[in-house]
Structure formats: structure tokens, C-alpha cells
Amino acid sequence: MKLMQVNLHSNQGNQFSSYSENSVTINQLEYSENILVSAQEIKPLELNSIDDLNQEVLNQLMAMQPDIIIFGTGNKIKYPPTKLLLQLQNKQIGFEVMPVPALCRTFNYLIGEGRKVLGIIIFN
């Protein structure tokens, strides 16, 4: 299990401080379950895999009015259903899909820029 540190940016919100193959650390708390992270909150995510992303969950994400949603899908990139991604495009909400380590670094960078970002971490 490799533990990596992440650069923190000056800001008041949630930031990743480290990650490993099966967990992330945010504000000195370790999470090993699937989670939703914004600058203000960290919530459990009731998805077993990215394939479980459905209309109901997407509506909840869009209601948070993010500028961008970053999907972290373990160590392999796996895309959500295309029809859901098209809805994000239509609402002009950006999205990226990347491994969890890249999500941690990107999330901190975007939060540091003052962007309204949601991080979706799915370890499977």
C-alpha cells in the first residue's frame, strides 16, 4: 500500500492531504468508502461502481450547481453512462474522469482557484 502526499492550496474548504490504493485522507480523516466531496461537505456515496450512476444521483449532483464534476474511478478510468454525461454537457457542467490519485490533485488545484467542484470517488 503506497501512501502519497498531495499539495494543499490555501483555502478554507475540504482538501485531500494524501491517498493510497484504497483510501483518501481529507482534513486528517481517512475515507475508504465511496464518497462525494465538495469544498463544504463530504458525504457517503451509495454507488458500488460508476455503472450504478443513475438519473436520481445525477439530479442530486446537478442540484449542487457545480462548475465541474470529477469522477475518480479507482486506478482505472471507467466512464459513467454516456446519456448522463450528455445531460451534464447540456447543463454546461464540465466533467472529467480520472484515477483517484489524479482526482485528489486536480480537486485541490480547482478548489484553490475558487472553482465550485464536486469530487466523486469510487474505489471499485
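Right, let's walk through the structure included here. This one's a predicted model, so the numbers in the text were calculated from it and none came from an experiment.

**Some words on the sheet that holds strand β8 (residues 94–98)**
Okay, so step 1: Here we have five strands laid out as an open sheet, ordered β6-β5-β9-β7-β8, and mixed in their pairing. Where the open sheet ends on each side, the last strands, each with one partner, are β6 (42–44) and β8. Going from strand to strand, the sheet's axes swing by 15° on average, the running direction of each strand aside.
Okay, so step 2: In the sheet, strand β5 (residues 35–37) pairs with β6 via three bridges, with the strands oriented antiparallel. Residue pairing in the sheet places L36 in a bridge with K43 of β6.

**Some thoughts on the pairing of β8**
Okay, so step 1: Looking at chain direction, strand β7 (residues 68–73) and β8 are connected through five bridges and run parallel. Within the sheet, the bridge partner assigned to I69 lies in β8 and is F95.
Okay, so step 2: After leaving β7, the chain enters helix α2 (residues 82–90) and then returns to the sheet as β8, a path that is right-handed.

**What to know about the environment of I121**
Okay, so step 1: Its place among the elements puts I121 in strand β9 (residues 117–122).
Okay, so step 2: Between the alpha carbons of I121 and N22 there is a distance of 11 Å; along the sequence they are 99 residues apart.
Okay, so step 3: Once residues within four sequence positions are removed from consideration, I121 is found in contact with F16, V24, N34, I35, L45, G72, V100 and L103.

**So, the environment of Q65**
Okay, so step 1: The topology assignment puts Q65 in the loop between α1 (55–63) and β7.
Okay, so step 2: Separated by 52 residues in sequence, Q65 and V117 have C-alpha atoms that sit 9.1 Å apart.

**Let's talk about unusual backbone geometry**
Okay, so step 1: The backbone phi angle of Q28 is positive, close to 65°, even though this residue is not glycine.
Okay, so step 2: Note that Q28 resides in the loop between β3 (24–26) and β4 (29–31).
Okay, so step 3: The exposed category is assigned to Q28, whose relative accessible area is 75%.

**Focus on the pattern of salt bridges**
Okay, so step 1: Throughout the structure, instances matching the rule amount to two salt bridges.
Okay, so step 2: Taking the shortest distance from any N to any O, the salt bridge between K78 and D51 comes out at 2.7 Å. Placement of the pair is K78 in the loop between β7 and α2 and D51 in the loop between β6 and α1, with a sequence separation of 27 residues.
Okay, so step 3: You can call K78 partly exposed: its relative accessible area is 40%.
Okay, so step 4: The shortest N-O distance in the salt bridge between R115 and D67 comes to 3.7 Å. In this pair, R115 is assigned in the loop between α3 (100–112) and β9 and D67 in the loop between α1 and β7, connecting sequence segments 48 residues apart.

How each quantity is defined
- Residues numbered from 1 in each chain as written.
- Predicted model: local features only at pLDDT ≥ 70, side-chain atom pairs only at ≥ 80, totals over all residues.
- Heavy atoms only, no water.
- Pairing = 2+ DSSP bridges.
- Helix = DSSP H or I, 4+ residues; strand = E, 2+ residues; numbered from the N terminus.
- Axes fitted to C-alpha atoms, helices over the stretch in contact; angles between N-to-C directions.
- Right-handed = clockwise from strand over helix to strand, strands pointing away.
- Contact = heavy atoms within 4.5 Å.
- Buried < 20%, exposed > 50% of the residue type's maximum accessible area, 1.4 Å probe, protein only.
- Salt bridge = Lys/Arg side-chain N within 4 Å of Asp/Glu carboxyl O.

Everything listed here is a matter of coordinates, which is why it stays silent on function.
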